[in-house]
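Working through the structure, step by step
Okay, here's what each chain looks like letter by letter:
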Amino acid sequence: MRFDLRIRLAALLSCLLFAPGLWAAGGPFSAIHSQLAGLSLDPAQTYHVRDVRLARGDITIYLNDGVLSFASPVTGKVVGAVFSCVGTDTGDAEVLVMPPGRGERASLAYYTKSPNLDEHFKEAIFLFSDDTLHDVLRQIQQGVVHTVPEEARKLAPQWSEMLRNIAGDLEVPLAESLLNNDPPQLGLFYGLIAGQTLHRFDVIYQPHLEESVTVGSIVDQNNTPIFRVWTSFAPRRRAPPPPDPFTLSHFRIDATIHPDLSMSAVTDFRVTPHVAGRQVLSLEISNRMRVTSASISGQPAEVFQPESIRGSDEFGVSSFLVISPHPLVTGEPVQVEIQHTGSVIQNNGGGVFFVGARNVWFPHRPNDSSTFDLTFRCPSNLQVVSTGKLASDQVIGDVRTVHRVLTSPAEFAGFNLGDFESTTVDHGPFRIECFANRALLASIARDGSTSGAEQRLHEISNETASLLDQYSAMWGPLPIHNVAITPIPGTFGQGFPGLIYLSTLTYLSRDERPPQYQSPLMDIFFSDLLLAHEVAHQWWGNLITPADYRSDWLMEALANYSALQLVERRKGHAEFQQAMIHFRDELIKRDSSGKPVDSTGPVDLGVRLLESTDADAWRVITYDKGTWVMRMLCRRMGTDSFAKFLKQIVEDYAGKQLSNEDFRKLASRFMPVDDPDHTLEFFFDTWVYGSGIPTLALKPAKAQNGEYVLEQTDVDPGFAADVPVIIEAAGEPVVVKWIRSSSDGASFRVPRGAKVTLPAPEDFLYVKQAEPARFRNSISH
């Protein structure tokens, strides 16, 4: 049955698009907004087209035969069109997208069952700020131009409103491009395609982004529509991306937390333009916060904050625009002030609060680092703890005012709220503040006294001090000297610069936790791993930051593996082994579709894994597989070399961003000279950019001459990995031989009589195939 695009838009977009936003009437944005809201098909710009080709990055669209009706202009520029060939026998159109990398082809196949996109369609909506109009006119004018104004009048009742709705959903990027007068080569191109087999999906080309090609669709997830990315990548051929248009710095935030837990805040920061003539600042903030006004250098500025599915990500973060009254001048900083209100704090009862949107509660831009001057006001019976060194904390009447300052640049500034007890420890260069919910401490007080509760605070403080000492010795000093440990309801933690959110379960002993959190593995996590992991984030994620979403996993993996190494030193190898095997088992566990969780996608997909059908895939692949990648790299590099490698990362990238390729190239300098994959390119292709956990078995091929076969199953035919096979020959040193696995089996030869074994289960990510009794555990001849 033909997919009806109107059903999708009426059901999904009518309540969202052109939803109330904030802007100052009469400014430059107002004209764009009103004209987008009034888009209609233009009979004078409606054509019968044949063999029109639109190439945008690695997206190629063929309008083989049909009607293309352009929309009325917006501030003098045509930005939309509708294509239709419904009702014709020969009408057809086709879209082709071929992702260049293995991981992106696998991601596309996960959603579409094919590694390449080749979809025919009969209906589509296009929005653009590039030269699509001139591109089409140039092609059709090479033959006889067939203007068909009557077709526009036929299409208008069905399509004009839908075109306006889609334009409203893309109002932020369209307005930004139009107001900044982007040249055609930097313009947006968007297509909403009604595919014959894949139904509705979007193709997007944004040349100013590193990954300028995106294909995906809107789906319902937990009764909430989200945009699910099928594939996203940099095209094979592209011009160098334009320079970053501006940077943000010197943040000052004055926030008031009201008795009903709503927040009103004024955020003030410096903007330094790097590109001449730009008039629009594109910023991000939590969907739970509404921007109420803005000014630039003291002059009122227009603001537009829409409600949009395509403009919001999986964390509830959306873009908004601040429009300057005049173009900004390169190199001349301006001061921006934004007022915003909302609710990001949840009352869990008993003086326990949950702060949501912890890193997006204020206007910001991803990857910009800044100093922070933070002032919070809250009811006097509560305490606020935030990023930064405490400058003052005073109560006047029923209001508490807390002032904290972070002088070393950071990407994030978080805060926590509660009815807290606290203790402070000065340890070497660090001041360590430990906070706990008063109600929680009361529940663990022993014999009606507070000694047990106080002891718990001191234990966490002392443990934090010990961790800071060990990590500083391993990786070097931190630029911050104030670290606050604060509780958060839940089973997770989070590490901001100088501010750590620690699960309330970590404050409890094993016997005090709910039964489901009393297993040996849960005890390792809450008692040993979580605090060590979050303290490690002071280096991995704060001092050194990920270059993009694809390298986010590096920070989690480095923090987790570093914490697990400490567990091994303190508790012994058995607990380390138990944790690593648990991580492997989580990865090979079958999801709702019957596939291993690992098959959802490679670790470098980052937060895109949250969009998968398996709700737990992001956590398992990012943390568990990421830890495995570090373990295998450590074993391959050697423990001493791996430690030197981590220290070198800190020396080279402190205060900078680290990408996957940066990491790989630096790691290759510490590899053994005789390693067959000295550049680690194959290692990264297998474990970072690819998916798959093989089942392996060693079997004798020709026992009389010491020939064996490494068999591989339970992975795609193209999967291959370098497997460290251990060879022990009488009177000879133990040798590790790297065998490259394949689905056809890999043959190799060892000295006659040698014992041949697969790596220990905690050293290499694989599943050992059950073997006949005579070959179990090891094979020797």
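If you're wondering where the values come from, they're calculated on a predicted model, not measured in any experiment.

Quick look at the overall build of the chain
Regarding its fold elements, the chain presents 15 helices and 39 strands. A globule of 781 residues ought to have a C-alpha radius of gyration of about 28 Å, and the chain, at 29 Å, matches this closely. Considered along the principal axes of its C-alpha atoms, the chain spans approximately 90 × 85 × 45 Å. Residue pairs at least 24 apart in sequence account for 69% of intrachain contacts in the chain once pairs closer than 6 positions are excluded. For the chain, the exposed area adds up to about 31400 Å²; of that, 51% sits on carbon and sulfur atoms. Both charge centroids of the chain, one from 68 positive and one from 91 negative side chains, sit 4 Å from each other.

Quick word on the side chain of Glu-302
Relative to the helices and strands, Glu-302 is located in strand 15 (residues 302-304). At 2.8 Å, the side chain of Glu-302 forms a polar contact with the backbone nitrogen of Phe-29.

Remarks on the sheet that holds strand 27 (residues 482-488)
Across the sheet, which stays open at both edges, the 5 strands sit in the order 25-26-27-29-28 with mixed pairing between neighbours. Each of the sheet's edge strands pairs with one partner strand only, and the pair in question is strand 25 (420-427) and strand 28 (494-496). Sheet twist, expressed as the mean angle between neighbouring strand axes with direction ignored, is 15°. Sheet topology note: the strand 27/strand 29 (residues 499-503) ladder contains 5 bridges and is parallel.

Topic: the packing of aromatic side chains
Per the stated rule, a full pass over the model turns up 38 aromatic pairs. What links up through ring pairs into an aromatic cluster is the set Tyr-561, Phe-576, Phe-642, Phe-645, Phe-663, Phe-670, Phe-683, Phe-684 and Tyr-689. Above the ring of Trp-738, the side-chain terminus of Arg-636 is found at 4.0 Å from the ring centroid.

Re the confidence of the model for the chain
Interpretation of the predicted coordinates at a detailed level should be avoided for regions scoring low in pLDDT. Chain-level statistics for the chain give a pLDDT mean of 90 and a share of 93% at 70 or above. Low confidence marks residues 1-25, where pLDDT is under 50. Its contacts with residues over four positions away, or in another chain, come to 65 contacts. Scored below 50 in pLDDT, residues 309-314 makes 27 contacts in the model with residues more than four places away or belonging to other chains.

Here's the deal with the packing of helix 9 (residues 520-536) against helix 10 (residues 552-571)
The relative placement of two packed helices is expressed as an angle between their axes plus a distance between the axes. One can describe the packing of helix 9 onto helix 10 by two numbers: an axis separation of 8 Å at closest approach and a directional angle of 130°. Accordingly, the angle class assigned to the pair helix 9 and helix 10 is oblique. When you trace helix 9 past helix 10, the crossing you get is right-handed. Every residue of helix 10 that contacts helix 9 at Ile-524, Asp-528, Leu-529, Ala-532, His-533 and Ala-536 is listed here: Glu-556, Ala-559, Asn-560, Ala-563, Leu-564, Val-567 and Lys-571. Residues that form the contact of helix 9 with helix 10 fall into these classes: 8 nonpolar, 2 polar and 3 charged.

Topic: the sheet that holds strand 17 (residues 334-342)
Sheet strands associate in pairs through backbone hydrogen bonding, adopting either a parallel or an antiparallel arrangement. Taken in spatial order, the 8 strands of this open sheet run 14-13-17-11-10-20-23-22, and their pairing is mixed. At either margin of the open sheet sits one strand with a lone partner, and together these are strand 14 (299-300) and strand 22 (389-396). Relative to strand 17, strand 11 (residues 263-273) runs antiparallel, the two being bridged by 9 bridges. Within the sheet, the bridge partner assigned to Met-263 lies in strand 17 and is Gly-342.

Some remarks on unusual backbone geometry
Phi is positive for Lys-113, close to 70°, though the residue is something other than glycine. Positionally, Lys-113 belongs in the loop between helix 3 (102-112) and strand 5 (117-128). Phi at His-250 takes a positive value of approximately 55°, unusual for a residue other than glycine. By the element assignment, His-250 lies in strand 10 (residues 246-257).

Concerning the nonpolar core
Ranked by internal contacts, the top residues of the largest apolar core, which has 151 residues, are Trp-540 and Phe-645. At 11 residues, helix 10 tops the list of elements feeding residues into this core.

Observations concerning the packing of helix 13 (residues 639-653) against helix 14 (residues 660-668)
Relative orientation of the contacting elements helix 13 and helix 14 amounts to 125°, with a least axis distance of 10 Å. Overall, the two elements helix 13 and helix 14 adopt an arrangement that is oblique. As for how helix 13 packs across helix 14, the hand of that crossing is right-handed. On the side of helix 13, the interface is formed by Phe-645, Gln-648, Ile-649, Asp-652 and Tyr-653, while helix 14 contributes Asp-662, Phe-663, Leu-666 and Ala-667. Residues of the contact of helix 13 with helix 14, tallied by class, amount to 6 nonpolar, 1 polar and 2 charged.

Considerations on helix 4 (residues 132-140)
Helix 4 sits mainly inside the fold: 7 of its 9 residues count as buried. What helix 4 keeps buried is the set Thr-132, Leu-133, Asp-135, Val-136, Leu-137, Gln-139 and Ile-140. Contact partners of the buried residues in helix 4: strand 1 (41-56), strand 2 (59-71), strand 5 and strand 6 (189-195).

Concerning the pairing of strand 6
With 7 of its 7 residues buried, strand 6 lies for the most part within the structure. Along strand 6, one buried face is formed by Phe-189, Gly-191, Ile-193 and Gly-195 and the opposite face, lined by Tyr-190, Leu-192 and Ala-194, is buried too. With 7 bridges joining them, strand 5 and strand 6 adopt antiparallel strand pairing. Residue pairing across strands places Phe-126 opposite Gly-191, the latter belonging to strand 6.

Focus on helix 2 (residues 28-37)
The set of residues buried in helix 2 consists of Phe-29, Ser-30, Ile-32, His-33 and Leu-36. End-on view of helix 2: buried residues confined to an arc of 165°, all on one side of the axis. Close packing links the buried residues of helix 2 with helix 5 (149-169), helix 6 (171-179), strand 15 and strand 16 (317-323).

Things to note about the side chain of Thr-231
With respect to the helices and strands, the residue Thr-231 is situated in strand 9 (residues 224-233). Engagement of the side chain of Thr-231 in a polar contact is seen with the side chain of Glu-104, the distance being 2.8 Å. With sequence-adjacent residues up to four places away left out, Thr-231 is seen in contact with Pro-99, Glu-104, Leu-108, Val-213, Thr-214, Val-215 and Arg-608.

Considerations on the pattern of salt bridges
All chains considered together, the criterion is met by 40 salt bridges. For Glu-104, the salt bridge goes to Arg-608, with nearest N and O atoms at 2.8 Å. Remark: Arg-608 occurs in the loop between helix 11 (573-588) and helix 12 (617-637) and Glu-104 occurs in helix 3; sequence separation between them is 504 residues. The residues Glu-104 and Arg-608 share a single accessibility class, namely buried. Two residues, Asp-523 and Arg-513, come together in a salt bridge whose shortest N-O distance is 3.1 Å. You can see Asp-523 sitting in helix 9 and its partner Arg-513 sitting in the loop between strand 29 and helix 9, a full 10 residues away along the chain. Of the two residues examined, Asp-523 and Arg-513, each falls in the buried class. Beyond isolated ion pairs, a larger network of salt bridges with shared partners links Glu-104, Glu-211, Arg-550, Asp-604 and Arg-608.

Focus on the pairing of strand 18 (residues 345-349)
Bridge analysis of strand 18 against strand 19 (residues 352-355) gives 4 bridges, and the strand direction is antiparallel. Bridge pairing in strand 19 links Ile-345 to Val-355. Where strand 18 folds back onto strand 19 in an antiparallel hairpin, the turn is made up of 2 residues, including Gly-350, whose phi is positive at roughly 65°.

Looking at the environment of Val-399
Along the polypeptide, Val-399 turns up in strand 23 (residues 399-410). Note on Val-399: relative accessible area 32%, which makes it partly exposed. Spatially, the C-alpha atom of Val-399 lies 9.6 Å from that of Thr-256, the residues being 143 residues apart in sequence. Those residues in contact with Val-399 that lie beyond four places of it in its chain are Arg-377, Cys-378, Ser-380 and Gln-394.

About the criteria used
- Residues numbered from 1 in each chain as written.
- Predicted model: local features only at pLDDT ≥ 70, side-chain atom pairs only at ≥ 80, totals over all residues.
- Heavy atoms only, no water.
- Helix = DSSP H or I, 4+ residues; strand = E, 2+ residues; numbered from the N terminus.
- Rg over C-alpha atoms; globule rule 2.2 N^0.38 Å.
- Contact = heavy atoms within 4.5 Å.
- Areas by Shrake-Rupley, 256 points an atom, 1.4 Å probe, with all protein chains shown as cover.
- Lys, Arg positive; Asp, Glu negative; His and termini not counted.
- Charge placed at Lys NZ, Arg CZ, Asp CG, Glu CD.
- Polar contact = N/O pair within 3.5 Å; in protein donor to acceptor, adjacent residues only side chain to side chain.
- Pairing = 2+ DSSP bridges.
- Axes fitted to C-alpha atoms, helices over the stretch in contact; angles between N-to-C directions.
- Phe/Tyr/Trp six-rings, centres within 6.5 Å; stacked < 30°, edge-to-face > 60°.
- Lys NZ or Arg CZ within 6 Å of the ring centre and 35° of its normal.
- pLDDT = per-residue confidence, 0-100.
- Parallel < 35°, antiparallel > 145°, perpendicular 65-115°, else oblique.
- Left-handed = near helix turned anticlockwise from the far one by under 90°.
- Nonpolar A, V, L, I, M, F, W, Y, C, P; charged D, E, K, R; others polar.
- Core = buried A, V, L, I, M, F, W, Y, C linked by side-chain atoms within 4.5 Å.
- Buried < 20%, exposed > 50% of the residue type's maximum accessible area, 1.4 Å probe, protein only.
- Arc of directions from axis to C-beta.
- Salt bridge = Lys/Arg side-chain N within 4 Å of Asp/Glu carboxyl O.

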